[in-house]
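# Summary of the model geometry
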Amino acid sequence: MYQKIKEKRGSELIESAVTTYIIVVVVIIVISVLSVVSEIQTIHNIADQLAVYVEYQGSAKNLNGEFNSLVNKHKLKNATVSIDKTGTIDLQEPFVITVSATKSIGLGGISIDLPISAQATGRGMVYWKP
């Protein structure tokens, strides 16, 4: 074996080390991208669940409480929610909920914060007597 390495001057050993390093870097990048895609899906699901919650409640009164429970359930960090209506939401009145968060991806010492946002629309399902 020593002769083989000596004859080829270690080129196969260096090539296999470089190839292994490249494969490991590619796998780490794929895992980072998949974690971002998973977080985007989670943010969209939370926005949809909050829209259904507001539709059935007819108001955005306890929206932050429901949002906090969903954020804790999904273990998200730096997430915020906003709604374009305040007070009661009448029957068939449209509203938009926006959920925003940031996701950090890193490779080695480099870290990038990606802003993630999702919107969900709904219509009030409660008739409020005037």
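Look a little higher up for the structure.
For every chain, the first residue of the written sequence is number 1, and numbering continues from 1 onward in sequence order. For this predicted model, a pLDDT threshold of at least 70 governs which residues receive local features, and a threshold of 80 or more governs which side-chain atom pairs are given and counted, while totals over whole chains, interfaces and linings are taken from all residues. Note that the side-chain values use all heavy atoms of the structure and ignore hydrogens as well as water.

### Observations regarding the packing of helix H2 (residues 11-57) against helix H3 (residues 63-74)
Remark: H2 packs on H3, axes separated minimally by 11 Å, with the N-to-C direction vectors making an angle of 150°. Taken together, the axes of H2 and H3 are roughly antiparallel relative to one another. Note on packing geometry: the crossing formed by H2 with H3 is right-handed. For the pair formed by H2 and H3, the contact residues are Thr42, Ile46, Gln49, Leu50, Tyr53 and Val54 on the first element and Leu63, Glu66, Phe67, Leu70 and His74 on the second. Taken together, the residues of the contact of H2 with H3 break down into seven nonpolar, three polar and one charged. All axes here are fitted lines through C-alpha atoms, helices being fitted over the stretch that makes contact, and every angle between N-to-C directions spans 0 to 180 degrees. The numbering of helices and of strands both runs from the N terminus, where a helix is a DSSP run of H or I of at least 4 residues and a strand a run of E of at least 2. Orientation categories follow fixed angle ranges, with anything under 35 degrees roughly parallel, anything over 145 roughly antiparallel, 65 to 115 roughly perpendicular, and all other angles oblique. By convention, the crossing between two helices is left-handed when the near helix turns anticlockwise from the far helix through less than a right angle, and right-handed when the turn is clockwise. In this analysis, two residues are considered to be in contact whenever any of their non-hydrogen atoms come within 4.5 Å of each other. Residue polarity is assigned by list, with Asp, Glu, Lys and Arg as charged and Ala, Val, Leu, Ile, Met, Phe, Trp, Tyr, Cys and Pro as nonpolar; anything else, Gly included, falls into the polar class.

### Observations regarding the sheet that holds strand S1 (residues 80-83)
Any two strands with at least two DSSP-identified bridges between them are counted as paired. One open sheet holds the three strands; their spatial order is S1-S2-S3, and the pairing between them is antiparallel. With one partner strand each, in any of the chains shown, S1 and strand S3 (110-123) form the two edges of the open sheet. Direction aside, neighbouring strands of the sheet carry axes that sit 20° apart on average. With four bridges joining them, S1 and strand S2 (residues 94-107) adopt antiparallel strand pairing. Pairing of Val81 across the sheet is with Val99, part of S2. Set on the sheet, H2 makes contact with S1, S2 and S3; between it and S2 the angle comes to about 160°. Contacting S1 and S2, H3 crosses the sheet at an angle of about 150° to S1.

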